[in-house]
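# Summary of structural features
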Amino acid sequence: MTGFLRILLVAGTACGLVASAGHGFAKPLDVVFVSPGKTGEVFWDMVAQSMQAAGRKLDMRVEVLTSERNYRTMQELGFGVVARRDKPDFLILSNEESAAVPILEAAEAAGVKTLLLSNTLIGEDAARLGPPRQKLKTWLGDITTDLQTAGARMANALIAAARAEKWQSADGKIHILGIGGDEITPASIARNAGLKLAVDAAPDVVVDRLLFANWTQSEAEQVTTNYLGWASRKEIRPAGIWAGNDPMALGALRAAIAAGLVPGRNIEVVGLNWSEDALREIEAGRLLLTDGGHFLLGGWSIVLLRDYADGCDFAAVSPHVEVKTSAITRDNLASVGDLIRTRAFDRIDFTRFRAKAGRCGRYDFSLDALISSLPLPEGVAD
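Source: prediction; values computed, not measured. (Residues numbered from 1 in each chain as written. Predicted model: local features only at pLDDT ≥ 70, side-chain atom pairs only at ≥ 80, totals over all residues. Heavy atoms only, no water.)

Overall, the predicted model of the chain reaches an average pLDDT of 91, with 92% of residues at or above 70. Across residues 1-23, where pLDDT falls below 50, the model places 55 contacts with residues more than four positions away in sequence or in other chains. This model gives residues 378-382 a pLDDT under 50, and the stretch forms four contacts once residues within four places in sequence are excluded. (pLDDT = per-residue confidence, 0-100. Contact = heavy atoms within 4.5 Å.)

Below, the structure written as structure tokens:
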């Protein structure tokens, strides 16, 4: 057994409490998650499923309400939760398109503790309401991912591949198409900023267009088709396509193939989400990588709230918990591919990720820690 795995094994003790499934917790807890996504939307379904798997390990019942990508519905659902006679211990929201703010304020009035997941407060809302636990005392904090670094890592992978293959245009530059989700969601802004950061540091690289496809495969396919037609007319050699999520990357792949290109051979495409479809394209050699792992924010949020309820407050370090994403490539696909394909999140022993005694607020939610925490296949010695 590796030393790192031994560390993870003792991480089940949080502030003196033994965290094992079904016992050792202060009390059972009820959590409601208002998902901004649609039923069947892979990413948000996986967030909810990882949340519920963690709940089963940590004696927390997780109820999921789905907004169907309608932000008025999201607000109605949130208001309904805080108005309940039997209120949950915690309410988890995502501040997509800043729609969670009225729910946060209603939860404050009702005394319901809240956690923001994936998208936190920005702009005027952040200035007006300040940090967690000040004006809104029941807003405990947020758990987000470092998506700017993810966006930059994706771009740098494209640039490195294009340089290695010498895919410059006649002007000596590497030409890239950027496809963003939208212009207003914090998670999208951060990814797009990462793309810009990487390109600004690469004088031999040009982003010809940053187009927006509303996170969808069909719109991404259309904008890619339009771009490739434009590039052909301008005699520009497209070297790579940076897509802010996997569905948009898949749309870009379809358009590239329809235009006579061979992804993986004369153009590279990158995405983000760790989706099953993306893993299939990586295995086939058509997609360079999918960044992500941020659907596990669902599970990690339950770890934070369990520790908080049991007296080990994550805000001892900061109310803002930021989790690093990681890239899945052909090199590490075998390590986590099966977990994602099967969505067998009950294989993850979430008790191992709790803060250790005397180290409240300190967590290792990395890809390496996740891989190390998974049970070994039968017949493999540790």
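This brings us to the packing of helix 3 (residues 71-82) against helix 4 (residues 101-110). One way to put it is that helix 3 packs onto helix 4 with a least axis distance of 9 Å and a crossing angle of 5°. Between helix 3 and helix 4, the interaxial angle falls into the category roughly parallel. Counted together, Met-74, Gln-75, Gly-78, Phe-79 and Val-82 of helix 3 and Pro-102, Ile-103, Ala-106, Ala-107 and Ala-110 of helix 4 form the full contact between these two elements. (Axes fitted to C-alpha atoms, helices over the stretch in contact; angles between N-to-C directions. Helix = DSSP H or I, 4+ residues; strand = E, 2+ residues; numbered from the N terminus. Parallel < 35°, antiparallel > 145°, perpendicular 65-115°, else oblique.)

Scanning the model with the defined rule gives one disulfide in all. Put simply, Cys-312 and Cys-360 are joined by a disulfide, and their sulfur atoms are 2.1 Å apart. Across the disulfide from Cys-312 to Cys-360, rotation about the S-S bond amounts to roughly -120°, and the bridge is consequently left-handed. Of this pair, Cys-312 sits in the loop between helix 11 (297-309) and strand 13 (320-323) while Cys-360 sits in the loop between helix 12 (333-342) and helix 13 (367-373); the two residues are 48 residues apart in sequence, bridging distant segments of the chain. Judged on exposure class, the residue Cys-312 and its partner Cys-360 are both buried. (Disulfide = S-S within 2.5 Å. Buried < 20%, exposed > 50% of the residue type's maximum accessible area, 1.4 Å probe, protein only.)

Our next topic: the packing of aromatic side chains. The tally for this structure, following the rule as stated, stands at eleven aromatic pairs. With 6.0 Å between their ring centres and 75° between their planes, Phe-90 and Tyr-308 make a pair best called edge-to-face. Taken as a pair, Phe-90 in strand 5 (residues 90-93) and Tyr-308 in helix 11 lie far apart in primary sequence, 218 residues in all. Pairing Phe-353 with Phe-365 gives two aromatic rings, centres 6.4 Å apart and planes at 40°, and the pair type is tilted. You can see Phe-353 sitting in the loop between helix 12 and helix 13 and its partner Phe-365 sitting in the loop between helix 12 and helix 13, a full twelve residues away along the chain. Here the aromatic residues Trp-300, Phe-350, Phe-353, Tyr-363 and Phe-365 are joined through ring pairs into a cluster of three or more. The ring of Phe-314 carries the charged tip of Arg-133 above its face, separated from the ring centre by 5.4 Å. (Phe/Tyr/Trp six-rings, centres within 6.5 Å; stacked < 30°, edge-to-face > 60°. Lys NZ or Arg CZ within 6 Å of the ring centre and 35° of its normal.)

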